[in-house]
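# Descriptive structure summary
The lines below spell out each chain.
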Amino acid sequence: MLSPLKDLVDLSDKLGIIQVVKSKLINQPDPAADHLFAALEEISKIYLALEIELTRYLSLTLEPDQKAEERKALIELEGGQITARMSAARGHCSKIFNIYQRYLTPWFQRVLAPEEQSMMQKLFSDLSVADRGMIDIISKVSMWLEARATETLNLIDADNFQSAKQRVRKAREEVAPARKAISTAMRRIRELEADFIEISGAVA
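This paragraph deals with the nonpolar core. Counting residues in each nonpolar core, the largest one holds 63 residues, and the members touching the most others are Tyr-47, Trp-107, Phe-124 and Met-134. Elements represented by at least two residues in this core include exactly helix H1 (3-14), helix H2 (16-27), helix H3 (33-58), helix H4 (67-78), helix H5 (81-111), helix H6 (114-126), helix H7 (134-157) and helix H8 (161-203). Setting aside chain neighbours within four positions, we find Tyr-47 in contact with Leu-8, Leu-11, Ser-12, Leu-15, Met-134, Ile-182, Ala-185, Met-186 and Ile-189.

And the structure:
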């Protein structure tokens, strides 16, 4: 699996850290639960944006009678539109860490053990401004998709539709673990949101 996609899988696995400390947070609720819910929503927006961009490429059928339409889609994909669309996801990254620093840190310091606080800090750093965090993953996935789109566009411009289909099929195999990770992350986030909505109401 390509490095940025492996990083995406690894980051999805790290969301399990919240599940590990969830019982402590629920047992000692805080008004900051509202902000943890908000942070989870921002995380889900990032994963959804990544899935939409991957699907945009992987859903191409590349049939000769659809060449004009799908060529247009590939030109858009290779022309930097992915990076432009994903810039919104970068904004979510910044918002996540701001929420963590301003609202969640005091709650975590009060409730969690030092090693658990460190794990949460690492998680939120990876989701925001860390060198190997989500921003880096977004950039690398965007570059990967743009490169795949260029390769595929060159093949259909040469009327080599069979090779173009094989290129998309290969890409689908390459990103299958990442897409599974996105699905797992989204499920975890929704489960956590349900829990923290409940305690948010209790301390409102």
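Next comes the rest of the account.
What follows covers the pattern of salt bridges. Considering all chains together, one arrives at 17 salt bridges under this definition. For Asp-126, the salt bridge identified is with Lys-14, shortest N-O distance 2.7 Å. One end of the pair, Asp-126, is in helix H6; the other, Lys-14, is in helix H1, and 112 residues separate them in sequence. Between Glu-174 and Arg-167 there is a salt bridge, with its nearest N and O atoms 3.7 Å apart. A relative accessible area of 13% means that Arg-167 is categorised as buried. Residues joined by salt bridges that share partners form a network here, namely Arg-148, Glu-151, Arg-167 and Glu-174.

Residues of the chain with pLDDT of at least 70 account for 93%, and the chain-wide mean is 85. When mean pLDDT is compared element by element in the chain, H6 scores highest at 91, while H1 scores lowest at 74.

Looking now at the packing of H3 against H7. How two helices pack is summed up by the angle between their axes together with the distance between the axes. Look at H3 against H7: their axes get within 10 Å of each other, and the N-to-C directions meet at 10 degrees. As far as their axial angle goes, H7 and H3 are roughly parallel. Residues Ile-46, Tyr-47, Leu-50, Glu-53, Leu-54 and Tyr-57 of H3 form the contact with H7, whose own contacting residues are Met-134, Ile-138, Val-141, Trp-144, Leu-145, Arg-148, Ala-149 and Thr-152.

This part covers the environment of Leu-60. Summarising the element assignment, Leu-60 is placed in the loop between H3 and H4. Note: C-alpha distance between Leu-60 and Leu-74 (14 residues apart in sequence) is 9.0 Å. Look past the residues within four positions of Leu-60 in its chain and what remains in contact with it is Glu-70, Ala-73, Leu-74 and Val-168.

Here the focus is the packing of aromatic side chains. A full pass over the atoms with the stated rule returns 6 aromatic pairs. Both rings, one in Tyr-100 and one in Phe-108, keep their centres 6.2 Å apart while their planes meet at 40 degrees; by these two values the pair is tilted. Exposure remark for Tyr-100: the relative accessible area of 7% places this residue in the buried category. Overall, the relative accessible area of 2% leaves Phe-108 in the buried class. By way of ring pairs, the aromatic residues Phe-97, Tyr-100, Trp-107, Phe-108, Phe-124 and Phe-196 are connected into one cluster.

Let us now look at H7. Its 24 residues give H7 an end-to-end C-alpha distance of 34 Å, which sits within 8% of 34 Å, the value for a rise of 1.5 Å per residue. Looking one or two places after H7, you find Asp-159, whose phi comes out positive at around 60 degrees.

What follows is about unusual backbone geometry. The bulk of non-glycine residues show a negative phi, and the bulk of peptide bonds are trans. A positive phi angle, close to 60 degrees, is found at Leu-62, a residue other than glycine. Tracing the chain through its elements places Leu-62 in the loop between H3 and H4. At Asp-159, a position not held by glycine, the phi torsion is positive, near 60 degrees. Along the polypeptide, Asp-159 turns up in the loop between H7 and H8.

Reading guide: rules and limits
- Residues numbered from 1 in each chain as written.
- Predicted model: local features only at pLDDT ≥ 70, side-chain atom pairs only at ≥ 80, totals over all residues.
- Heavy atoms only, no water.
- Core = buried A, V, L, I, M, F, W, Y, C linked by side-chain atoms within 4.5 Å.
- Buried < 20%, exposed > 50% of the residue type's maximum accessible area, 1.4 Å probe, protein only.
- Helix = DSSP H or I, 4+ residues; strand = E, 2+ residues; numbered from the N terminus.
- Contact = heavy atoms within 4.5 Å.
- Salt bridge = Lys/Arg side-chain N within 4 Å of Asp/Glu carboxyl O.
- pLDDT = per-residue confidence, 0-100.
- Axes fitted to C-alpha atoms, helices over the stretch in contact; angles between N-to-C directions.
- Parallel < 35°, antiparallel > 145°, perpendicular 65-115°, else oblique.
- Phe/Tyr/Trp six-rings, centres within 6.5 Å; stacked < 30°, edge-to-face > 60°.
- Expected span 1.5 Å × (residues − 1).

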